[in-house]
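# Tertiary structure, described
Residues per chain, in single letters:
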Amino acid sequence: MTAPALVLVAHGTRSTRGVQMIAALAEAVTRELGVGEYGVAISGRDADTSAAPVCERPAVAHGLETTENPWVRTAFVDVLGPSPSEVLRDLTDAQGESVPAVVVPAFLASGYHVYQDVPREVTESGHPEVAVTPAMGPDPALARIMAMRLRAAGWRPGDAVVFAAAGSSDARARQDVRRAAGMLAEHLGVPVRIGYVATGAPRIPEVVAELRDSGARRVFIASYLLAHGLFQQRLHDAGADGVAEPIGVHPAVVRLIADRYRAAARELMRANTFPVQIRGA
């Protein structure tokens, strides 16, 4: 029996480094699941297809006791392709039957893309067996990674911290950002101020300036962004003393995605009464 495919859905970016990071994340998740190889296809007018490998055949699975192998695929909701609906339509076995799929939104907050784009793409695909997991964030594991990135950027206790998020017009996403900022503040043991890169207020340069006006000698930006791209570049123009790297590929992120997949795959298997044992479940 074919194991559920894992479809990792990201935003998309024109940054080659960002595309490479998503490809590396998919590869790391594949290794975590014991799959062996993975499928990442990048398309779009601005895509650099040399940035990520392409695999068009199923991966070799050691983590799932099935007669056929699962796929790990990447899709994008903006800028690049393939879209989630394209990837889902492509998930068929040798007999042309749809392979069950678990969609994991690689988003740090649940806004428009998670609540609107992903469900619409699933519906448009016509795929009969799809489970969509919660988004990656907020999660305490991400706060721990952000703290590590901050320290690597030179932050020390006593320095002011700006929690930098992309921003969203969706109130649910803003609530997620506040929860994530609270997790980071708890982990660091210091207050953090939220600033937004693109949508919403206050904007990050304003927060940096306000902290300096209030007496902060050094101000550091904690990046609540997954990968390099335009938004991460903007952080370096905000006037801070240091900018942390984006969350990126980290073992804790890989485990978080793998755990999301395993939980949803178990439910798919139970619903279909498939005798599948998922590694690490």
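From a predicted model like this one, the values you see are computed outputs, not experimental measurements.

## Things to note about the packing of aromatic side chains
Applying the stated criterion across every chain yields a total of one aromatic pair. Ring centres 4.8 Å apart and planes at 40° place the aromatic pair F163 and Y224 in the tilted group. With F163 in strand β6 (residues 160-165) and Y224 in the loop between β8 (219-223) and α7 (230-235), the pair connects residues that are 61 residues apart, well separated along the chain. With respect to burial, F163 and Y224 carry one shared label: buried. Just above the ring of Y115 sits the side chain of R172; from NZ or CZ to the centre is 3.7 Å.

## Looking at the layout of surface pockets
When its volume is computed, the largest pocket comes out at roughly 1,000 Å³. Residue lining of the largest pocket: 40 residues in total, with H11, F107, A166, L225 and F231 positioned closest to the centre. The set of elements that each furnish at least two residues to the lining of the largest pocket consists of α1 (16-32), α3 (112-125), α5 (171-188) and α7. In terms of residues, the lining of the largest pocket owes the most to one element, α7, which gives four residues.

## Points about the pairing of strand β7 (residues 193-196)
Across four bridges, β6 lies against β7 in parallel orientation. Its bridge partner being in β7, A164 is matched across the sheet by G195. Traced from β6 through α5 to β7, the parallel crossover comes out right-handed.

## Considerations on α5
Taking 1.5 Å per residue, 18 residues should reach 26 Å; α5 reaches 26 Å between its end C-alpha atoms and fits that length. Among the residues of α5, those classed as buried are A173, D176, V177, A180, A181, M183, L184, A185 and L188. Buried residues belonging to α5 abut α4 (140-152), β6, β7 and β8. Two to three positions downstream of the cap, the backbone nitrogen of R172 sits 2.7 Å from a side-chain oxygen, assigning the N-cap of α5 to D170. Phi turns positive one or two residues past the end of α5, at G189, with a value near 80°.

## Some remarks on the environment of V162
Within the secondary structure, V162 sits in strand β6. With 60 residues separating them along the chain, V162 and A222 place their C-alpha atoms 5.9 Å apart.

## Comments concerning the sheet that holds β7
Across the sheet, which stays open at both edges, the four strands sit in the order β7-β6-β8-β9 with parallel pairing between neighbours. The strands lining the two open edges of the sheet, one partner per strand, are β7 and β9 (242-243). Along the sheet face, α4 touches β6 and β8 and points at about 140° away from the line of β8.

## Examining α3
End to end, α3 covers 19 Å across 14 residues, agreeing with the expected 20 Å (1.5 Å per residue, within 8%). Taken residue by residue, α3 has V114, D117, V118, E121, V122 and S125 as its buried positions.

Rules used throughout
- Residues numbered from 1 in each chain as written.
- Predicted model: local features only at pLDDT ≥ 70, side-chain atom pairs only at ≥ 80, totals over all residues.
- Heavy atoms only, no water.
- Phe/Tyr/Trp six-rings, centres within 6.5 Å; stacked < 30°, edge-to-face > 60°.
- Helix = DSSP H or I, 4+ residues; strand = E, 2+ residues; numbered from the N terminus.
- Buried < 20%, exposed > 50% of the residue type's maximum accessible area, 1.4 Å probe, protein only.
- Lys NZ or Arg CZ within 6 Å of the ring centre and 35° of its normal.
- 1 Å grid on protein atoms, 1.4 Å probe; cavity = no way out; pocket = protein on both sides within 12 Å on 5 of 7 lines; lining within 4 Å.
- Points joined across faces, edges and corners; volume = space filled by probe spheres on them.
- Pairing = 2+ DSSP bridges.
- Right-handed = clockwise from strand over helix to strand, strands pointing away.
- Expected span 1.5 Å × (residues − 1).
- Contact = heavy atoms within 4.5 Å.
- Polar contact = N/O pair within 3.5 Å; in protein donor to acceptor, adjacent residues only side chain to side chain.
- Axes fitted to C-alpha atoms, helices over the stretch in contact; angles between N-to-C directions.

Limitation: the analysis is restricted to geometry and does not speak to function.
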